[in-house]
Amino acid sequence: MARQESSEDLEALYQRGIAFDQFLDLADQRREAWLRNYAEGVPSPAALDRARRVGASARLLVVAEDWCGDSVNTILYLARLVEAVAGLEMRIVNSHVGAAVMRHRRTPDGRPATPTVIALDSNYNEVGSWIERPGVLQEWFLGNEDELPSKELYDRKYAWYAQDAGNETVSDITSLLERAFGTAEAQNN
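Residues numbered from 1 in each chain as written. Predicted model: local features only at pLDDT ≥ 70, side-chain atom pairs only at ≥ 80, totals over all residues. Heavy atoms only, no water.

Q: Break down the overall build of the protein for me, citing the residues and quoting the values.
A: Counting its regular elements, the protein contains 11 helices and four strands. Considered along the principal axes of its C-alpha atoms, the protein spans approximately 50 × 40 × 35 Å. In the protein, 76% of the contacts between residues at least 6 apart in sequence involve partners at least 24 apart. By element, 47% of the accessible surface of the protein is carried by carbon and sulfur atoms, the whole surface being about 9,300 Å². Distance between charge centres in the protein, computed from 20 positive and 30 negative side chains, equals 1 Å. (Helix = DSSP H or I, 4+ residues; strand = E, 2+ residues; numbered from the N terminus. Contact = heavy atoms within 4.5 Å. Areas by Shrake-Rupley, 256 points an atom, 1.4 Å probe, with all protein chains shown as cover. Lys, Arg positive; Asp, Glu negative; His and termini not counted. Charge placed at Lys NZ, Arg CZ, Asp CG, Glu CD.)

Here is the structure:
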């Protein structure tokens, strides 16, 4: 496998990315789902408080596609998180531009996938990544992929997303940030 990107490569890729509102304006596939999920997709106050306690400046570099069912059910929550938490920023690139990012960070079963999220510190150094789905859903999905008919598998996946309302996505990303930066309280001690 080729080397992973340097901080300079990740900075250049981040700078090529677009803000979520631009991504949303350009989305033509699953557009109604993007708009509905964004309108309704506000992280819980507890999740926002937890993310705010990290107290670090971080950038989220996201590889996503508007046609991707996992992207439409996760990325909007990251956008809402970025809107609500000072010090967080996010830029999105498509899977062609972000191909190397996906190739170097794969799902547990070895696939490059959208969305792929890389957390970067203020110097564009990678501090962690998150791939495709919340961990709890990814584990369930991969464990049932060979057991359930495809339609039932995907129906249940999307029902899970609807019931979860972004809580696990926000929790996973916040945990990633906590591992990388600690919390503001811990940083001050």
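Q: Just give me the short version of the pairing of strand S1 (residues 58–63), but keep the residues and values in it.
A: The element S1 is extensively covered by neighbouring structure, given that six of its six residues are classed as buried. The side-chain alternation of S1 yields two buried faces, one formed by Ala58, Leu60 and Val62 and the other by Arg59, Leu61 and Val63. As judged from the six bridges shared by S1 and strand S2 (residues 88–93), these two strands associate in the parallel manner. From the neighbouring strand, Leu60 faces S2, where its bridge partner is Met90. Bridge analysis of S1 against strand S3 (residues 116–120) gives five bridges, and the strand direction is antiparallel. Residue pairing for S3: Leu61 is matched across the bridge by Ile118. (Buried < 20%, exposed > 50% of the residue type's maximum accessible area, 1.4 Å probe, protein only. Pairing = 2+ DSSP bridges.)

Q: Give me the pattern of salt bridges: which residues, what numbers.
A: In a structure, side chains of opposite charge can pair up when their charged atoms sit close to one another. Scanning the model with the defined rule gives 12 salt bridges in all. Across the salt bridge formed by Asp70 and Arg133, the nearest N and O atoms sit 3.1 Å from each other. Of the two residues, Asp70 sits in helix H5 (residues 69–72) while Arg133 sits in the loop between strand S4 (126–131) and helix H8 (135–144), which places them 63 residues apart along the sequence. Judged on exposure class, the residue Asp70 and its partner Arg133 are both buried. (Salt bridge = Lys/Arg side-chain N within 4 Å of Asp/Glu carboxyl O.)

Q: I'd love a proper account of helix H3 (residues 31–40), names of residues and values included.
A: Taken as a whole, H3 has its buried residues at Ala33, Trp34, Asn37 and Tyr38. The buried residues of H3 occupy one face: seen down the axis, they fall within an arc of 120 degrees. Within H3, the exposed residues directed more than 90 degrees away from the buried face are Glu32, Ala39 and Glu40. Packing partners of the buried residues in H3 comprise helix H2 (20–26), H5 and helix H6 (75–84). (Arc of directions from axis to C-beta.)

Q: Go over the packing of H3 against H6, please, and point to the residues and values.
A: It is at 9 Å that the axes of H3 and H6 come closest, and there the two elements cross at 40 degrees. Classified by the interaxial angle, the pair formed by H3 and H6 is oblique. In this structure, the crossing between H3 and H6 has a hand that is right-handed. For the pair H3 and H6, contact is made by Trp34, Asn37, Tyr38 and Ala39 and by Ile75, Leu76, Ala79, Arg80 and Glu83, respectively. Of the residues contributing to the contact of H3 with H6, the split by class is six nonpolar, one polar and two charged. (Axes fitted to C-alpha atoms, helices over the stretch in contact; angles between N-to-C directions. Parallel < 35°, antiparallel > 145°, perpendicular 65-115°, else oblique. Left-handed = near helix turned anticlockwise from the far one by under 90°. Nonpolar A, V, L, I, M, F, W, Y, C, P; charged D, E, K, R; others polar.)

Q: Could you give an account of the sheet that holds S4, naming the residues involved and the relevant values?
A: Pairing within the open sheet is mixed, and its four strands lie in the order S2-S1-S3-S4. The sheet terminates laterally at S2 and S4, the two strands that pair on one side only. Averaged over all neighbouring strand pairs, the angle between strand axes comes to 20 degrees, with direction disregarded. Running at roughly 160 degrees to S4, helix H10 (residues 167–181) makes contact with S1, S2, S3 and S4 of the sheet.

Q: Describe in detail the environment of Val93, supporting the description with residues and values.
A: Along the chain, Val93 falls in strand S2. In this structure, the C-alpha to C-alpha distance between Val93 and Gln15, residues 78 residues apart in sequence, is 9.6 Å.

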